[in-house]
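# Structural overview for review
Chain by chain, the residues:
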Amino acid sequence: MKARSRVLLGLDVVTLLVMAAATYMVFIYAPVERTMGLVQKVFYFHVAAGWTGMLGFLAAVVAGIAYLATRKSSWDLVGLGAIEIGLVFALINIITGSIWARPIWNTWWTWDPRLTTATIMELVYAAYLMLRQGIEDPERRARFGAVYAIVGFISVPLTFFSIRIYRTIHPVVIGGGDPTVSGSFSMTPAMGATFGVALVAFSFLFASLLWHRIRLGQLGAQVEQLKLKLMH
Amino acid sequence: MADDALIVVSNLVKRFGPKVVLRGLEFTVKPGEFVALLGPNGAGKTTFLRILSSLSSPTLGRVRVAGHELPRQAAAVRQRLGVVSHLPLLYGDLTAEENLRFYGRMYGVAALERRITEVLALVGLAPRRRDLVRTFSRGMQQRLAIGRAIIHDPEVLLLDEPHTGLDQDACDMLDQILTQVAARGRTVVMTSHDLTRVEDLASRFDVLTRGSIRATTSRQDMPRDGLLAFYRRSLEAAKTDPGAAQ
Amino acid sequence: MSAFLRAMGAVVWKDLAAELRSRELISSMLVFALLVILIFNFALELDASARANVTSGVLWVTFVFAGTLGLNRSLAIEKDRGCLDGLLLAPVDRTAIYFGKAAANLVFILVVAAIVLPVYSVLYNTNLFAQPGVLLVILLGAEGYTAVGTLLATMAVQTRTRDILLPILLFPVVIPVLVAAVKATSGYLQALPLDEIRPWLNLLVTYDLVFTAAAFMVFEYVVEE
């Protein structure tokens, strides 16, 4: 337990340092984009937050499958924590996207496949939390949560494709895109480096938050157990 | 001893989250026994019966029914098991015989129509076979529920408080049916919180309280008028037992 | 395999026999569906000239809403009198129970659709049967919808908040079905070339396959304790 908390402290420190580095690079190091100006800087944390959200939802599926296979309640904690964190970062992703879209697309919101899918994804995982709230028995809560995390995750790509068949105006920066799409740009090496560091920083942030969340859940379970002992 | 036993449960533990419901329960039933599981509400009787009937899996411990391990060989156990719970497990919009026909198909019963007639006669519902179950009284539903549970002629019959909500006449009729089932050499395990309900039926009495079996006695060892005292004594003893207070 | 089909057949037969007698599931779905159409009539001013994609949107929203009503009821019947336990006590594969329930639910939705379509045609003086492709889309869409719906309704009825939970769980994951079915239906109604409809049909088939397979694999976990 002690060794683990020391590793966790180390992780926290590293996370703090990379986050600081990423923030520095975004605001000072990376050049200002020519046509969009300062608002383009939203891009780094916008994509990194979206990345973290997907990381959370992916981790929840893995944890869900692991839970159904092993029935170990620790996997349920991992799944729940990953989805809670994923929800927050997916929301940050949507909000930062809106901030960027206002000056560039001249609207806060558009029914573009990625935006729409991101929003539906938020609803899927909000439903996940409501499902859990409706179940008393922790074993059943974990089981149903795992099943819904899997079903919800499978639906995401299909939702995306269903909306994709409508025309998209969302820029595809990575993997080359259509330069005529409003708001697309090509990255300079400095921008690429900043982007990379932001991704790494958010991944660290995710790992550290998830670990804290799991620890919190374990402590909560211990408190429950002690309470029950006192009552008898 | 364990070789000829039909039900063997050893060191059974069941937890719901932090709550421990069954703590190291030991239980053995020989073929042909009629065991009454006595205990107050919340003692873990229903949980124990759900585990025996393969509806819930044990947290720890071994459960063997009719030579098969639970929960691994659940399908084989289910084929040899009939269960009556305090809910009827019947469809109100189907007739008595349709309910039996449905469950008979689920169990793959051979010569089903003849078996349905036989079972309906046994539970005294032959005249009502074409009536909707939703028009049945609670007592009739419970009799049909027993018919449903024995449609595939199981070796073991498990009953969870089958007398709940029945009036005196219905209880007497239920007891008659159970006596007939037991007389055919079937093994029966029945829970009850009320000793008077089972004292004439069972051949063995186990007291389950605070998640384990605290005492056991049989009809041979205990005169009928001594049973109530035995039951009270066992409950008292469990209250002061330090092993239970955790 | 024959034991699997026998059990699945028994569940379907049981559901249809009970429904034939009570008619409570289909009649409530049907009345609800007609009410939804009525409400849309005033909300959107539907008329003969209403565009084909409005028609298909109204139809699919109607099916999806009425469908949750039916799914909830179909599984609540199993839960309320302990019948779900009765099914689980039988020595049959759990997925046979799932496919039996899903097949019965599919039949119920198709029956509702079979009544709603002519009624809608009469009310708005159009012929929804002119394009047989519409029927194909309804079959594909209803299959995907009931495949996920039966799985999620089985979970929902086992929760404390079951009356409100099913649509919340179900709607966000059936959006692909809804989008594809609406677009494909309106494509057929506008007599678009098959090339423009095919992507939507492909999506529907993919959804049906993926979710039927997924439900097949996880159903055991929503009923086994």
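Residues numbered from 1 in each chain as written. Chains lettered and ligands numbered in written order. Predicted model: local features only at pLDDT ≥ 70, side-chain atom pairs only at ≥ 80, totals over all residues.

This paragraph deals with the overall build of chain B. Regarding its fold elements, chain B presents eight helices and ten strands. Here the C-alpha radius of gyration of chain B, 18 Å, is about what a compact globule of 246 residues would show, namely 18 Å. Projecting the C-alpha coordinates of chain B onto the three principal axes gives extents of approximately 55 × 40 × 35 Å. Within chain B, buried positions represent 44% of all 246 residues. Partitioning the contacts of chain B with sequence separation of at least 6, the portion at a separation of at least 24 is 69%. (Helix = DSSP H or I, 4+ residues; strand = E, 2+ residues; numbered from the N terminus. Rg over C-alpha atoms; globule rule 2.2 N^0.38 Å. Buried ≥ 20, exposed ≤ 12 C-beta atoms within 10 Å, placed from the backbone. Contact = placed C-beta atoms within 7 Å.)

Right, let's talk about the domain arrangement of chain B for a bit. Residue and element names in this part refer to chain B. Partitioning chain B into structural domains gives domain 1 (1-80 + 156-246) and domain 2 (88-153). Each of domain 1 and domain 2 has a C-alpha centre, and the two are 25 Å apart. Residue-level contacts link eleven residues of domain 1 with ten residues of domain 2. At six residues, the largest contribution of residues to the side of domain 1 that touches domain 2 is made by helix α6 (residues 168-183). Of the residues that constitute the side of domain 1 that touches domain 2, the class distribution is eight nonpolar, two polar and one charged. (Domains from an automatic or database assignment. Nonpolar A, V, L, I, M, F, W, Y, C, P; charged D, E, K, R; others polar.)

This next bit is on the nonpolar core. Ranked by size, the top nonpolar core spans 202 residues in total, and within it A198 of chain A together with V148, L169 and L204 of chain C carry the most contacts. Element by element, the count of residues in this core is highest for helix α7 (residues 162-189) of chain C, at 15 residues. Of the residues that make up this core, three or more belong to each of domain 1 (1-80 + 156-246) and domain 2 (88-153) of chain B. Among all residues touching V148 of chain C, those that are not within four sequence positions of it are V151 of chain A together with L170, V173, V174, F211 and A215 of chain C. (Core = buried A, V, L, I, M, F, W, Y, C linked by C-beta atoms within 7 Å.)

At the interface, 24 residues of chain C touch 26 residues of chain A. Classifying every residue of the side of chain C that touches chain A gives 19 nonpolar, four polar and one charged.

Here we take up the environment of R232 of chain B. Residues and elements named next belong to chain B. Relative to the assigned elements, R232 resides in helix α8 (residues 227-240). Looking at R232, the number of C-beta atoms within 10 Å reads 12, which means it is exposed. For R232 and R219, which are 13 residues apart along the polypeptide, the C-alpha to C-alpha distance reads 17 Å.

This part takes up the sheet that holds strand β1 (residues 7-16) of chain B. Residues and elements named next belong to chain B. Taken together, four strands build an open sheet; the order of strands is β2-β1-β4-β5 and the sheet is antiparallel. Of all strands in the sheet, those with a lone pairing partner are β2 (19-29) and β5 (68-70), marking the two edges. Each strand of the sheet is rotated relative to its neighbour by a mean of 30 degrees, with strand direction disregarded. (Pairing = 2+ DSSP bridges. Axes fitted to C-alpha atoms, helices over the stretch in contact; angles between N-to-C directions.)

All names here are of chain B. Taken in spatial order, the six strands make up an open sheet running β6-β7-β8-β3-β9-β10, and their pairing is mixed. Unpaired on one side and paired on the other, β6 (81-84) and β10 (212-218) mark the two borders of the sheet. For this sheet, the mean angle separating the axes of adjacent strands, direction not counted, is 15 degrees. Where helix α1 (residues 45-52) meets the sheet, its contacts fall on β3 (34-38), β7 (156-160), β8 (187-192) and β9 (204-209), and the angle it forms with β7 comes to roughly 150 degrees. Where helix α5 (residues 138-149) meets the sheet, its contacts fall on β6 and β7, and the angle it forms with β6 comes to roughly 165 degrees.

Here we come to the confidence of the model for chain B. Confidence along chain B averages 87 in pLDDT terms, with 96% of residues attaining 70 or more. Predicted confidence in chain B is weakest over α8 of chain B, with a mean pLDDT of 79, and strongest over helix α3 (residues 96-106) of chain B, with 94. (pLDDT = per-residue confidence, 0-100.)

Attention now moves to the environment of Y67 of chain A. All names here are of chain A. With respect to the element layout, Y67 can be found in helix α2 (residues 42-70). Along the primary structure Y67 and A221 are separated by 154 residues, whereas in three dimensions their C-alpha atoms are 17 Å apart. The residues touching Y67, leaving out its near neighbours within four places in the chain, are K72, W75, D76, G79, A142 and A146.

What follows concerns the packing of α5 of chain B against α6 of chain B. Angle between the axes and distance between the axes: these two values describe a pair of packed helices. All names here are of chain B. Contact pair α5 / α6: the axes reach a minimum separation of 9 Å and the direction vectors enclose 10 degrees. Looking at the two axes, α5 sits roughly parallel to α6. Both α5 and α6 take part in a crossing whose hand is right-handed. Of the residues in α6, those in contact with R138, G139, Q142, R143 and I146 of α5 are A170, M173, L174 and I177. (Parallel < 35°, antiparallel > 145°, perpendicular 65-115°, else oblique. Left-handed = near helix turned anticlockwise from the far one by under 90°.)

Before going further, it helps to examine unusual backbone geometry. Peptide bonds are trans in most cases, and residues, glycine excluded, mostly fall at negative phi. All names here are of chain B. Between L70 and the following residue, P71, the backbone shows a cis peptide bond with an omega angle of 0 degrees. Within the secondary structure layout, P71 lies in the loop between β5 and α2 (74-79). The phi torsion at N11 lies on the positive side, around 50 degrees, for a residue other than glycine. Relative to the assigned elements, N11 resides in strand β1.

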